[in-house]
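What follows is each chain in one-letter form.
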Amino acid sequence: MIKNIVNKLIRIVKKMFRREELMRSRKSPRNILLMYYHYPSQEHINRVKQITKGSFEVVIADSKEKAKQGIRYSHIIFGAKFLRYAIKHAQAVKWIQGSGAGFDQHPLPELKKRGVLLTRTTFSNTVVARHVYTMAWSLIRRLPMAFSCQQRGKWSGAVIPLPEPKTALILGLGSIGKELACLLKKDGLWICGVKRTLDASSAKLCDELLGPGSWMNVLPKIDLCFLTLPLNKNTAGIFGKEALALLPAHAVVINAGRGELLDEYYLVKMLKAGRLGGAGLDVISPGFRRRNTALWRTQNLLITPHIAAHYPQRPSDLERFCEQQLVRYINNEPLENLVNLDEEPVD
């Protein structure tokens with residue numbers, strides 16, 4: 001008898017709590033949280049309000065504390081500067097529009113558990129492709145060496161360029177890899193593309209299209225090697241000692257994906273031994289960067305601090321892209337660049 005009464009009271013209390021929670025949710029504001037790496041323009045804020053017809057409140061988070069407070073009732077998030085810190089405080093988030101092409105830095109298991117949609121950006125692909133191809137040609141023409149001579153006030157005839165490239169491997173034929181293939185094709189290079197799933201559009205851009213299991217066989221004849229893969233459990237360490245050792249001594253390696261794709265220690269060792277023509281890194285794994293002071297003095301190594309996607313108009317282009325995505329979301333249309341959260345991230 002007492003047990004039945006207790007259970008009945010528990011059910012009544014739970015019902016009261018559910019009713020109270022429902023009332024709070026109806027009264028709670030619906031926010032769009034702007035969490036960019038830049039401060040959003042007033043024009044952007046006004047356009048977001050216009051698109052949503054005032055049904056969402058626009059909140060700006062330019063600090064961790066503001067992100068923590070602002071994310072609580074946010075249904076939509078543009079940018080992900082403080083996402084890892086703030087996501088545990090979210091109660092209603094449905095969709096996050098990232099500000100870059102990469103997404104491995106986001107708390108993917110948490111987003112998957114919450115059923116959140118995650119989208120990325122690809123509008124900087126042409127800029128990234130030009131950047132990495134410029135890095136390659138800078139190394140081929142030995143521009144870092146020439147600049148070093150200039151800094152020392154030395155006119156040197158010892159700056160001898162590498163052979164003109166004829167072949168290229170693009171490891172990762174996603175949106176960036178495809179843009180890069182177009183640039184290489186215009187210069188008449190023979191292109192081998194590597195893609196997990198082979199498709200007709202990728203095949204048209206390449207002279208040879210290979211899957212994940214057979215690409216190492218072509219390395220001995222490759223002049224330029226570009227890494228444009230995302231980072232996950234299948235791609236971490238994909239370009240290791242064996243792959244580097246198969247390249248000819250004049251080859252140039254460019255990494256525009258993630259530092260963890262590459263055996264950076266062995267890369268530096270090969271450069272110092274003169275067993276590689278050059279390397280360009282727009283990305284370096286944080287641990288390697290901190291522990292290797294000799295990295296910065298390695299000859300024929302060109303480093304740019306993860307700026308391949310950056311250009312002066314990028315913040316305004318990002319704002320416009322987010323607005324276009326918001327229109328799709330409001331109209332229940334498919335979002336562009338949707339991330340598959342079933343892919344296993346790197347721990």
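What counts as what
Residues numbered from 1 in each chain as written. Predicted model: local features only at pLDDT ≥ 70, side-chain atom pairs only at ≥ 80, totals over all residues. Heavy atoms only, no water. Helix = DSSP H or I, 4+ residues; strand = E, 2+ residues; numbered from the N terminus. Contact = heavy atoms within 4.5 Å. Buried < 20%, exposed > 50% of the residue type's maximum accessible area, 1.4 Å probe, protein only. Lys, Arg positive; Asp, Glu negative; His and termini not counted. Salt bridge = Lys/Arg side-chain N within 4 Å of Asp/Glu carboxyl O. Axes fitted to C-alpha atoms, helices over the stretch in contact; angles between N-to-C directions. Parallel < 35°, antiparallel > 145°, perpendicular 65-115°, else oblique. Nonpolar A, V, L, I, M, F, W, Y, C, P; charged D, E, K, R; others polar. Pairing = 2+ DSSP bridges. Phe/Tyr/Trp six-rings, centres within 6.5 Å; stacked < 30°, edge-to-face > 60°. Expected span 1.5 Å × (residues − 1). Right-handed = clockwise from strand over helix to strand, strands pointing away.

**Q** Please provide a residue-by-residue account of the environment of Leu-184, values included.
**A** In this fold, Leu-184 is placed in helix α8 (residues 175-186). Separated by 51 residues in the primary sequence, Leu-184 and Tyr-133 place their C-alpha atoms 8.3 Å from one another. Apart from residues no more than four positions distant in its own chain, Leu-184 is found in contact with Tyr-133, Ala-168, Ile-170, Leu-189, Ile-191 and Phe-226.

**Q** Quick one: what's the story with the side chain of Arg-142, residue by residue and with numbers?
**A** Within the secondary structure, Arg-142 sits in the loop between α6 (125-140) and α7 (143-151). Asp-223 provides the closest opposite charge to the buried, salt-bridge-free Arg-142, at an N-O distance of 12 Å. Among residues more than four places away in sequence, those in contact with Arg-142 are Val-159, Ile-160, Pro-161, Leu-162, Gly-277 and Asn-300.

**Q** Give a detailed account of the packing of helix α2 (residues 42-52) against helix α13 (residues 314-330), specifying residues and quantitative values.
**A** Across the interface, α2 lies against α13 with an axial gap of 10 Å and an inter-helix angle of 10 degrees. As judged from the angle between their axes, α2 and α13 are roughly parallel. For the pair α2 and α13, contact is made by His-44, Arg-47, Val-48, Ile-51 and Thr-52 and by Glu-319, Arg-320, Cys-322, Glu-323, Leu-326, Val-327 and Ile-330, respectively. Split into classes, the residues belonging to the contact of α2 with α13 amount to 6 nonpolar, 2 polar and 4 charged.

**Q** Describe the sheet that holds strand β5 (residues 117-119), with residues and values.
**A** Read from one edge to the other, the open sheet built from 5 strands follows the order β2-β1-β3-β4-β5, with strand pairing classed as parallel. Where the open sheet ends on each side, the last strands, each with one partner, are β2 (57-60) and β5. Ignoring strand direction, the axes of neighbouring strands in this sheet form an average angle of 20 degrees. Those strands touched by α13 are β1 (31-34), β3 (74-78), β4 (95-97) and β5, and its axis lies near 155 degrees from that of β4.

**Q** Provide a residue-level description of the packing of aromatic side chains, including the pertinent values.
**A** To describe a pair of aromatic rings, you give the distance between the ring centres and the angle between the ring planes. This structure, assessed with the given rule, holds 5 aromatic pairs. Summarising the aromatic geometry, the rings of Phe-78 and Trp-95 are spaced 5.5 Å apart at their centres and angled 80 degrees between planes, so their arrangement reads as edge-to-face. Of this pair, Phe-78 sits in strand β3 while Trp-95 sits in strand β4; the two residues are 17 residues apart in sequence, bridging distant segments of the chain. A single burial state applies to Phe-78 and to Trp-95, both of which are buried. Centre to centre, the rings of Phe-123 and Phe-321 are 5.9 Å apart; their planes meet at 45 degrees, and the pair counts as tilted. Here Phe-123, found in the loop between β5 and α6, pairs with Phe-321, found in helix α13; they are 198 residues apart in sequence, far enough to count as distant. Here the aromatic residues Phe-78, Trp-95 and Tyr-329 are joined through ring pairs into a cluster of three or more.

**Q** Could you give me a rundown of α13, with the residues and numbers involved?
**A** The first and last C-alpha atoms of α13 sit 24 Å apart over 17 residues, in line with the 24 Å expected at 1.5 Å per residue. Buried residues of α13: Arg-314, Leu-318, Glu-319, Phe-321, Cys-322, Glu-323, Gln-325, Leu-326 and Arg-328, and no others. Of the surrounding elements, those touching the buried residues of α13 are β1, α2, β3, β4 and β5. A positive backbone phi angle near 60 degrees is found at Asn-332, which sits one or two residues after α13.

**Q** Describe in detail the pairing of strand β11 (residues 278-281), supporting the description with residues and values.
**A** Neither face of β11 is left uncovered, since the one carrying Gly-278 and Gly-280 and the one carrying Ala-279 and Leu-281 both have all their residues buried. Two elements, strand β10 (residues 252-255) and β11, share 4 bridges in a ladder whose sense is parallel. Directly across from Val-252, in β11, lies its bridge partner Gly-278. One crossover worth recording links β10 to the parallel β11 by way of helix α11 (residues 264-272), and it is right-handed. With 3 bridges joining them, β11 and strand β12 (residues 301-303) adopt parallel strand pairing.

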